[in-house]
Amino acid sequence: MGPYPEIEPYDHGMLDVGDGNRVHWEVCGNPRGKPAVMLHGGPGSGANPRFPRYFDPAAYRIVLLDQRGCGRSTPHASAYDTDMSVNTTDHVMADLELLRRHLGIERWLVWGVSWGSVLGLRYAQTHSEVVSELVLTAVGTGADAEVALLTRGLGNLFPEAFAKFRAGVPEDERDGNLAAAYNRLLESPDPEVRERAARAWTDWETAMVPAPPRSVPRYEDPVFRMGFARTVTHYWGNDHFLGEGNEGAHGVVLRDAHLLKNIPGTLVQGSLDPGNLLGTVWRLHHAWPGSELIVVDEVGHNAGAPGMVDELVAATDRYAARR
């Protein structure tokens, strides 16, 4: 099946969402098509121009945005004076609502990858009346156990890289919350401290995928690297700002999965995604009436792998006729 052809946006802009933030958005596809919004990962990765290829451009009105502090949104998280206290899950969900109303959309399909799946799930749980369907991939729920797995639990699989990652924070913080420890370094007034921390964080991110350290091109861009590392650690070090102490090991999103009961959803997950070690996507699927889970063999945390693309396109094609 494969992805649809590349298309150019027919509209774009910068939306003033308050707190000194302006969020970049663009729309492509059919202006009279079924509305869909695409939520990128990270947090802090920015929208990917390939994202619209998961949708039939004749059937969908496709909305992309760069969440606060990343991509073409301003101010960028890479700038030391950017106020991160106004970059939280609640702020970003409020931005989605402002954008939806700005574009005159009543309801939209929500598509999310990785962190975007966490955001999409929580948005649907708290704004169920405006979400028509969910299509989620590289699925997470923002639970503390997921952060613990990615920042410490996988250390046994990548011992050399993990030793370097752990050594990048002060000795008295190496057995604590490593995301929070790195975030403190990334908020340091010393630019050299911030640079070392951003590089160490992205080296660990890269070590967890089947490629040598520093082989991911986007991490070689110092602006992207700093903004991404600062944003990820800001969220991961603060329970993804999901509140209520994130409600134990399985988190708020899994706790509230029943709130999705009237929203159809498709979960497309690689069989080798590290998050599967926690069983999160299976728990979510079984706690969410009306969801379907599709597991793609021999694929990790990668929505762009051929089998993943095929299933994601098939999902949006199925939902295209549902108005």
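These lines cover the structure that appears in this document, whether it is placed above or below.

1. Focus: the overall build of the chain
Counting its regular elements, the chain contains 10 helices and 8 strands. With respect to the three principal axes, the spread of C-alpha positions in the chain is 55 × 40 × 40 Å. Relative to its 323 residues, the chain shows a buried fraction of 55%. When contacts within the chain are restricted to residue pairs at least 6 apart in sequence, those whose partners lie at least 24 apart make up 71%. Only carbon and sulfur atoms are counted for the fraction: they give 53% of the accessible area of the chain, which is about 13,500 Å². Each charge class in the chain can be summarised by its mean position, and for the 30 positive and 42 negative side chains these summaries are 2 Å apart.

2. Remarks on the side chain of Q125
Structurally, the position occupied by Q125 is in helix 2 (residues 115–126). There is a polar contact of 2.7 Å between the side chain of Q125 and the side chain of R122. From its side chain, Q125 meets the backbone oxygen of V253 in a polar contact 2.8 Å long. Excluding anything up to four places from it in sequence, Q125 contacts V252, V253, D256, A257, L259 and L260.

3. Looking at helix 9 (residues 280–287)
Three- or four-residue spacings in an α-helix give side chains the same orientation, since the helix completes a turn every 3.6 residues. Residues of helix 9 that are buried: T280, V281 and L284. Looking straight down helix 9, one finds that the buried residues subtend no more than 95° of arc, so they occupy a single side. Buried-residue contacts for helix 9 involve helix 2, helix 3 (144–151), helix 8 (251–255), strand 7 (265–270) and strand 8 (291–296).

4. Re the environment of L99
Turning to its location among the elements, L99 is positioned in helix 1 (residues 89–102). For L99 and V295, which are 196 residues apart along the polypeptide, the C-alpha to C-alpha distance reads 32 Å. Setting aside residues up to four positions removed in sequence, L99 forms contacts with L15, W25, V63 and L65.

5. As for the packing of aromatic side chains
Two aromatic rings are characterised by how far apart their centres lie and by the angle between their planes. Under the definition given, this model contains 16 aromatic pairs. Taking the ring centre of F228 as reference, the NZ or CZ of R218 above it sits at 5.2 Å.

6. Description of helix 2
Taking 1.5 Å as the rise per residue, helix 2 with 12 residues should run 16 Å; its terminal C-alpha atoms sit 17 Å apart, in good agreement. Among the 12 residues that make up helix 2, 11 are buried, leaving the element largely enclosed by the rest of the structure. Residues W115, G116, S117, V118, L119, G120, L121, R122, Y123, A124 and Q125 constitute the buried set of helix 2.

7. Some words on the nonpolar core
In terms of nonpolar packing, the biggest core is built from 66 residues, with L134 and W201 touching the most fellow members. With 7 residues, helix 7 (residues 222–236) is the single largest residue contributor to this core. Non-local contacts of W201, meaning those with residues more than four positions away in its chain, are made with T151, F165, L178, A179, Y182, F228, A229, V232, T233 and W236.

8. Considerations on the environment of G18
Among the secondary structure elements, G18 is positioned in strand 1 (residues 11–18). Taking relative accessible area as the criterion, G18 reaches 25% and is therefore assigned partly exposed. Through-space distance from the C-alpha of G18 to that of E220 is 31 Å; in sequence the pair is 202 residues apart.

9. A few points about the pattern of salt bridges
The tally for this structure, following the rule as stated, stands at 16 salt bridges. D95 serves as the salt-bridge partner of R68, at 2.7 Å between the closest nitrogen and oxygen. With R68 in the loop between strand 4 (60–65) and helix 1 and D95 in helix 1, this residue pair connects regions lying 27 residues apart in the sequence. Relative accessible area serves as the criterion here: at 3%, R68 is assigned to the buried category. What makes D95 buried here is its relative accessible area of 3%. Here the residues in one salt-bridge network are D19, R68 and D95, joined through shared partners.

10. Points about the environment of E220
Inspection of the secondary structure puts E220 in the loop between helix 6 (191–207) and helix 7. Judged by relative accessible area, E220 falls into the partly exposed class, the value being 38%. When the C-alpha atoms of E220 and T202 are compared, they prove to be 9.4 Å apart, with 18 residues separating the residues in sequence.

11. Examining the sheet that holds strand 1
Pairing within the open sheet is mixed, and its 8 strands lie in the order 1-2-4-3-5-6-7-8. Edge positions in the open sheet fall to strand 1 and strand 8, since each of these has one partner strand only. Going from strand to strand, the sheet's axes swing by 20° on average, the running direction of each strand aside. With 4 bridges connecting them, strand 6 (residues 131–137) and strand 7 associate as parallel partners. Of the residues in strand 7, the one forming a bridge with T137 is V268. Of the strands in this sheet, strand 1, strand 2 (21–29), strand 3 (34–39), strand 4 and strand 5 (108–113) are in contact with helix 1, which crosses strand 1 at around 135°.

Reading the values: rules and limits
Residues numbered from 1 in each chain as written. Predicted model: local features only at pLDDT ≥ 70, side-chain atom pairs only at ≥ 80, totals over all residues. Heavy atoms only, no water. Helix = DSSP H or I, 4+ residues; strand = E, 2+ residues; numbered from the N terminus. Buried < 20%, exposed > 50% of the residue type's maximum accessible area, 1.4 Å probe, protein only. Contact = heavy atoms within 4.5 Å. Areas by Shrake-Rupley, 256 points an atom, 1.4 Å probe, with all protein chains shown as cover. Lys, Arg positive; Asp, Glu negative; His and termini not counted. Charge placed at Lys NZ, Arg CZ, Asp CG, Glu CD. Polar contact = N/O pair within 3.5 Å; in protein donor to acceptor, adjacent residues only side chain to side chain. Arc of directions from axis to C-beta. Phe/Tyr/Trp six-rings, centres within 6.5 Å; stacked < 30°, edge-to-face > 60°. Lys NZ or Arg CZ within 6 Å of the ring centre and 35° of its normal. Expected span 1.5 Å × (residues − 1). Core = buried A, V, L, I, M, F, W, Y, C linked by side-chain atoms within 4.5 Å. Salt bridge = Lys/Arg side-chain N within 4 Å of Asp/Glu carboxyl O. Pairing = 2+ DSSP bridges. Axes fitted to C-alpha atoms, helices over the stretch in contact; angles between N-to-C directions.

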